[in-house]
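In case you want the letters, here they are:
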Amino acid sequence: MRLARDRLPLYRKPEPVTIAPGPTPRPGILDIAPYVGGEAKIVGVERPIRLASNESALGPSAKAVAAYRALAGEIHRYPDGSAEELRQALGRRHGLDPARIVCGAGSDELISLLLRSYAGPGDEVLYSRHGFLMYPIGAQTVGATPVAAPERALTTDVDALLERVSERTRLIFIANPNNPTGTYLGASEVARLHAGLPPSVVLAIDAAYAEFVNRNDYRPGVGLVDRAENVVMLRTFSKIYALAGLRLGWAYCPPAIADVLNRVRGPFNVTAPALAAGVAAVEDIEALKRARAHNDHWLPWFSERLAGLDIPLTPSVANFVLAGFPHDPRKNADAAFAFLHSRGILTRKMASYGLPQHLRITIGTGPEMETVATALTEFMGAR
Ligand SMILES: Cc1ncc(COP(=O)(O)O)c(C=O)c1O
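Thresholds applied
- Residues numbered from 1 in each chain as written.
- Predicted model: local features only at pLDDT ≥ 70, side-chain atom pairs only at ≥ 80, totals over all residues.
- Heavy atoms only, no water.
- Salt bridge = Lys/Arg side-chain N within 4 Å of Asp/Glu carboxyl O.
- Helix = DSSP H or I, 4+ residues; strand = E, 2+ residues; numbered from the N terminus.
- Buried < 20%, exposed > 50% of the residue type's maximum accessible area, 1.4 Å probe, protein only.
- Pairing = 2+ DSSP bridges.
- Axes fitted to C-alpha atoms, helices over the stretch in contact; angles between N-to-C directions.
- Contact = heavy atoms within 4.5 Å.
- pLDDT = per-residue confidence, 0-100.
- Near = heavy atom within 4 Å.
- Polar contact = N/O pair within 3.5 Å; in protein donor to acceptor, adjacent residues only side chain to side chain.
- Areas by Shrake-Rupley, 256 points an atom, 1.4 Å probe, with all protein chains shown as cover.
- Nonpolar A, V, L, I, M, F, W, Y, C, P; charged D, E, K, R; others polar.
- Core = buried A, V, L, I, M, F, W, Y, C linked by side-chain atoms within 4.5 Å.
- Phe/Tyr/Trp six-rings, centres within 6.5 Å; stacked < 30°, edge-to-face > 60°.
- Lys NZ or Arg CZ within 6 Å of the ring centre and 35° of its normal.

A. Structural detail: the pattern of salt bridges. As enumerated under the stated definition, the model contains 17 salt bridges in all. Asp226 serves as the salt-bridge partner of Arg100, at 3.2 Å between the closest nitrogen and oxygen. In this pair, Arg100 sits in the loop between helix 2 (84-94) and strand 2 (101-104) while Asp226 sits in helix 7 (residues 222-227), placing the two residues 126 residues apart along the sequence. By relative accessible area, Arg100 is classed as buried at 14%. Overall, Asp226 belongs to the partly exposed group, its relative accessible area being 42%.

Shown next, in the form of structure tokens:
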């Protein structure tokens, strides 16, 4: 049965705004609580340890940086609006038809293009309760109703999602692996979700962290996109490729959905430096391997250290962990955040995701992880 509370957004509702005479936004826009990104600065700390935004520990490929710099003399030119070279490079790398790839200014833009194209007032957009916040926020921007399905052990629950599909559902977003929980669904579960959906519902599989996953039963979603008319896979250059500041993402789509997104997107939605850096990044396999090997070492290392401190974790397969803290006000997530902050370490509070007792901590460099582990040891040990 659908409960009214399933429809409530998870994030804090903003204070009502009194509107002075003048332009009025569309209904619902002022109900949106703006997305608040991870903090990047600490007053008085020159170089804080930044573990709040799931950015890459190692930074971008030197080849990507060189390609970006090489464009400095050309920025008076419009970019190639068709992103031809990048789509070709992605096609070669992943064995995909470039005609089915649509590039965007980060996967955030592709999420919003999908919503603008397929949902509107009166429609419902389904997502997993602790799924990426841009799904409910984006749904609200187009006047649609976000519907949250509960999770099981902080993992997307296929049955709960399917139970909430109604005749008004237009889109379902799952992040796989999910941010902020770090958990994932195996290929058979994603296939089961798809099999239970009417063909009119678009299933968007957001595989932003796909490159970090090393589980045999994981698939980013290419096979489903190839087999179905209603599945889209989203990918980003912001995570393992370490190009978050350039804003670059891509969608692999059925031809009809690619056609729709190409109609809706801006003609030059991706900048020329982003396109050039993206091509170089995709082709730099060694840089990708280094980033993956780094995560393969430090994710279990850090997870074990936290487990040894009795800080419970979800079994993350991405480049971050979701750490649970006790309710004791001296030891809770807010206290841990403040303690780490005082040591120049930035992590992410999770109250906006409905997880006030958790912090999300990105896997940084080796020395950064050692510093955080030492600080948390001190924090948990202190009376
Ligand atoms: C699951 C997920 N999807 C999408 C994004 C947005 O990525 P981008 O930088 O490509 O817009 C993020 C960023 O944190 C994310 O975690």
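Next, the rest of the story.
B. Expanded view of the sheet that holds strand 4 (residues 145-149). Strands sit in the order 2-8-7-6-5-3-4 across an open sheet of 7 strands; the sheet is mixed. Each edge of the open sheet is held by one strand with a lone partner, namely strand 2 and strand 4. Shown here is a sheet whose adjacent strand axes are inclined to one another by a mean of 20 degrees, direction ignored. Inspection of the sheet shows strand 7 (residues 231-236) paired to strand 8 (residues 249-252) by 4 bridges, in the antiparallel sense. Each residue of the ladder has a partner; that of Arg235, found in strand 8, is Trp250. The strands touched by helix 3 (residues 106-118) are strand 2, strand 3 (124-128), strand 5 (169-175), strand 6 (202-206), strand 7 and strand 8; relative to strand 5, the strand with the most contacts, the crossing angle is about 165 degrees. The strands touched by helix 6 (residues 187-195) are strand 5, strand 6 and strand 7; relative to strand 6, the strand with the most contacts, the crossing angle is about 160 degrees.

C. Molecular detail of the sheet that holds strand 11 (residues 348-349). Across the sheet, which stays open at both edges, the 3 strands sit in the order 9-12-11 with antiparallel pairing between neighbours. The open sheet terminates on both sides in strands that have one partner only, identified here as strand 9 (320-324) and strand 11. Pairing analysis gives 5 bridges linking strand 9 to strand 12 (residues 358-362), with the strands arranged antiparallel. Paired with Val321 across the two strands is Ile361, which belongs to strand 12. Across the sheet, helix 10 (residues 285-308) touches strand 9 and strand 12, and the angle it forms with strand 9 is around 10 degrees.

D. View of the confidence of the model for the protein. For the protein, the mean per-residue pLDDT works out to 94, and 95% of the residues sit at or above 70. When the criterion is pLDDT under 50, residues 1-9 qualifies, and its contacts beyond four places in sequence or with other chains add up to 17 contacts.

E. Summary view of unusual backbone geometry. Cis geometry marks the peptide bond from Asn176 to Pro177; its omega dihedral reads -5 degrees. Note on placement: Pro177 falls in the loop between strand 5 and helix 6. In this chain, Asn179 is followed by Pro180 through a cis amide linkage whose omega measures 20 degrees. At Asn54, a residue that is not glycine, the phi angle is positive and equals roughly 55 degrees. When you line up the elements, Asn54 lands in the loop between strand 1 (49-50) and helix 1 (62-70). Note on Asn54: relative accessible area 0%, which makes it buried.

F. Representation of the site of the ligand. The immediate surroundings of the ligand are formed by 13 residues, with Ser107, Asp206, Thr236, Ser238 and Arg247 found nearest. Residue Arg247 places a side-chain N or O atom 2.7 Å away from an oxygen atom belonging to the ligand. For the ligand, whose unbound accessible area comes to 400 Å², protein coverage reaches 94%. No other element matches helix 3, which puts 3 residues into the shell around the ligand. Taken together, the residues of the shell around the ligand sort by class into 4 nonpolar, 5 polar and 4 charged.

G. A look at the nonpolar core. Of all hydrophobic cores here, the largest spans 57 residues; its most connected members are Leu86, Ile172, Ile174, Leu203, Phe237 and Trp250. It is helix 9 (residues 272-283) that provides the largest number of residues to this core, a total of 7 residues. Not counting the four nearest positions on each side in its chain, Leu86 is found in contact with Cys103, Phe237, Leu248, Leu275, Gly278, Val279 and Val282. One finds Leu113, Leu133, Leu171 and Ile257 within the second-largest nonpolar core, a separate group that totals 35 residues.

H. Up close: the packing of aromatic side chains. Considering all chains together, one arrives at 10 aromatic pairs under this definition. With a centroid separation of 4.7 Å and 10 degrees between ring planes, the pair formed by Tyr135 and Phe173 is classed as stacked. Taken together, the positions of Tyr135 in helix 4 (residues 134-141) and Phe173 in strand 5 put the pair 38 residues apart, joining distant regions of the chain. When sorted by exposure, Tyr135 lands in the same class as Phe173, which is buried. Over the aromatic face of Phe379 sits the side chain of Lys331, whose NZ or CZ is 5.2 Å from the ring centroid. Its guanidinium or amino end placed over the ring of Phe320, Arg360 lies 5.8 Å from that ring's centre, counting from NZ or CZ.

I. Here's a closer look at the environment of Ala160. With respect to the secondary-structure elements, Ala160 resides in helix 5 (residues 158-163). Along the chain, Ala160 and Ser128 lie 32 residues apart, while their C-alpha atoms are 8.7 Å from each other.

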